Amino acid sequence: MNENNKKTLDKILRISLAVILLIYLGFYYIRTNPTFKTKFARDITLFANSKLTANGIYSKSNLILKLSLAINPDDAFTYQVLGYNYYQLAYKYVHKDKIKTFYLKKAFTYNEKALSYAPKHHEIVDNIGLCYILDEKFDKAIEMFNRSLKIKPDDSLAVQELAVIYSYYKIDYPKALKYMETYMKLQPNNINAYFSKAWILSALDRNKEAIEYYNKYLEHFPYSVAALVNITGCAIDIKDYENALKYLERGLALNRHSYYLLSHKIDILANMKKYDEAKTVARELIDNSQYYGAHLGYFRLAKIQQIEGNSTEAEANFKLAKETAEEFLNGEYCKGKDYDLNDNDARCRNIGLFLKKFDEKKNSKVFYFD
């Protein structure tokens, strides 16, 4: 090694030792000055929460939060933010079981640690309730949200999540409606609540009321295909085919390949006894449904063939409808469950309901519709 290289190496070593010494002295000062330590650690946590967690940068936020804990390991808020971050990471990987489980375990650990420091903090209790939903332990989630409401009776998040649990997982629509109406009183400006209440009302076969709330939602979000799908179905259920067609055409103008809208179109045409047109749409739905939706076309095609007296072809298509639905329900997406924790268009719920009502609808004298 030449002289210049030796000098450079010595300089690097001296600088490195100086940096290490400064870091050590800094940590020593912080740890031996309780007031400064607490404030400094909290400032780090607030930075991580406002600049990183708030923008969805959870992994980097966690690194900074763990630095904060190294300075002050007794801060409930830092544990709370870490718990929330790991919950969000678990939710991001909800369809990857091993990764979800890994992050969810950490979310529980940090939230429970936060709760041990702040047992009356309803937001921490809510976070644990959300973790239980992801863990598919819905009774435990209900227990946590009810615990939160004992601490803060107007906790709108707890009320909203109870409405969700009873709507999608426990399937108790009267309870779901009760919680949704409470939520709307607490959050009267939340337009999304109109959609949620409409959905629950339609599940209770209160379709005229559901239409009112879907229309309120559509006043604010006129291009919502989901709302147009659902309101079309409600109008069909009450045999208001004229308005059903209006909603349908609005929806198809936005998404002409929507399998739910196309299935509603078949329902309307068949109930108007336009069977040839209905069969054309059913075949179009079957041909274009590579991933999901073919069961809707097969069933409706079979139903029309049944009405027309073509029992052989009807039975063949009924069989295909059931097999296609079962294959999807038991496949990688739904994994045999009639709900999905991140199912934005309710495919698992709808296909589960389809199979539960299959025989009833197949044997009904009325043309099948949702």
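Everything numeric in this text was worked out from a predicted model, so none of it was measured.

Enquirer: Explain the packing of helix H10 (residues 192-203) against helix H11 (residues 207-220) to me, and be specific about the residues and the numbers.
Expert: Between H10 and H11, the shortest axis-to-axis distance is 8 Å and the interhelical angle comes to 165°. Relative to H11, H10 is oriented roughly antiparallel. Pair H10 / H11 crosses with left-handed handedness. Contacts from Asn192, Tyr194, Phe195, Lys197, Ala198, Trp199, Leu201 and Ser202 in H10 reach Asn207, Glu209, Ala210, Tyr213, Tyr214, Lys216 and Tyr217 in H11. Counted by class, the contact of H10 with H11 contains nine nonpolar, three polar and three charged residues.

Enquirer: Could you give an account of the packing of aromatic side chains, naming the residues involved and the relevant values?
Expert: In this description, a pair of aromatic rings is defined by centroid distance and the angle of the planes. Applying the stated rule across the entire model yields 32 aromatic pairs. Between the aromatic rings of phenylalanine 138 and tyrosine 339, the centroid separation amounts to 5.5 Å while the plane-to-plane angle is 80°, which identifies the pairing as edge-to-face. With a gap of 201 residues between them, phenylalanine 138 in helix H7 (residues 138-151) and tyrosine 339 in the loop between helix H17 (311-329) and helix H18 (347-356) connect regions that are remote in the sequence. Per residue, the accessibility class of phenylalanine 138 equals that of tyrosine 339, and both read buried.

Enquirer: Run through the side chain of serine 156, naming residues and quoting values.
Expert: Relative to the helices and strands, serine 156 resides in helix H8 (residues 156-169). Beyond its immediate chain neighbours, meaning those up to four positions away, serine 156 contacts Tyr183, Leu186 and Gln187.

Enquirer: Before we move on, could you go through H7 and cite the residues and values that matter?
Expert: Helical geometry note: an α-helix holds 3.6 residues per turn, so side chains three or four residues apart project in the same direction. The first and last C-alpha atoms of H7 sit 20 Å apart over 14 residues, in line with the 20 Å expected at 1.5 Å per residue. Within the span of H7, buried status applies to Phe138, Ala141, Ile142, Met144, Phe145, Ser148 and Leu149. Axial view of H7: buried residues confined to an arc of 165°, hence all on one face. Of the exposed residues in H7, the ones pointing more than 90 degrees away from its buried face are Asp139 and Lys150. Check the buried side of H7 and you find it contacts helix H6 (122-134) and H8.

Enquirer: Before we move on, can you summarise the layout of surface pockets with the specific residues and values?
Expert: By volume, the second largest pocket amounts to about 180 Å³. In terms of lining residues, the second largest pocket is bounded by Asn49, Thr53, Phe77, Gln80, Val81, Tyr84, Glu123, Asn127, Leu130 and Leu157. Broken down by secondary-structure element, the contributors of at least two residues to the lining of the second largest pocket are helix H4 (76-92) and H6. Top contributing element to the lining of the second largest pocket by residue count: H4, with four residues. Counted by class, the lining of the second largest pocket contains five nonpolar, four polar and one charged residues.

Enquirer: Describe the state of the cysteines, and please don't skip the residues or the numbers.
Expert: A full pass over the atoms with the stated rule returns one disulfide. A sulfur-sulfur separation of 2.1 Å characterises the disulfide bridge that pairs cysteine 334 with cysteine 348. Its torsion about the S-S bond being -95°, the disulfide of cysteine 334 and cysteine 348 is classed as left-handed. Taken together, the positions of cysteine 334 in the loop between H17 and H18 and cysteine 348 in helix H18 put the pair 14 residues apart, joining distant regions of the chain.

Enquirer: Can you lay out unusual backbone geometry for me, pointing to particular residues and giving the numbers?
Expert: Trans is the prevailing form of peptide bonds, just as negative phi is the prevailing case for residues other than glycine. Despite not being glycine, isoleucine 171 shows a phi value in the positive range, around 50°. One can find isoleucine 171 in the loop between H8 and helix H9 (173-186). Look at lysine 335: it is not a glycine, yet its phi comes out positive at around 55°. Mapping lysine 335 onto the fold places it in the loop between H17 and H18. Residue classification places lysine 335 among the partly exposed positions, given a relative accessible area of 32%.

About the criteria used
- Residues numbered from 1 in each chain as written.
- Predicted model: local features only at pLDDT ≥ 70, side-chain atom pairs only at ≥ 80, totals over all residues.
- Heavy atoms only, no water.
- Axes fitted to C-alpha atoms, helices over the stretch in contact; angles between N-to-C directions.
- Helix = DSSP H or I, 4+ residues; strand = E, 2+ residues; numbered from the N terminus.
- Parallel < 35°, antiparallel > 145°, perpendicular 65-115°, else oblique.
- Left-handed = near helix turned anticlockwise from the far one by under 90°.
- Contact = heavy atoms within 4.5 Å.
- Nonpolar A, V, L, I, M, F, W, Y, C, P; charged D, E, K, R; others polar.
- Phe/Tyr/Trp six-rings, centres within 6.5 Å; stacked < 30°, edge-to-face > 60°.
- Buried < 20%, exposed > 50% of the residue type's maximum accessible area, 1.4 Å probe, protein only.
- Expected span 1.5 Å × (residues − 1).
- Arc of directions from axis to C-beta.
- 1 Å grid on protein atoms, 1.4 Å probe; cavity = no way out; pocket = protein on both sides within 12 Å on 5 of 7 lines; lining within 4 Å.
- Points joined across faces, edges and corners; volume = space filled by probe spheres on them.
- Disulfide = S-S within 2.5 Å.

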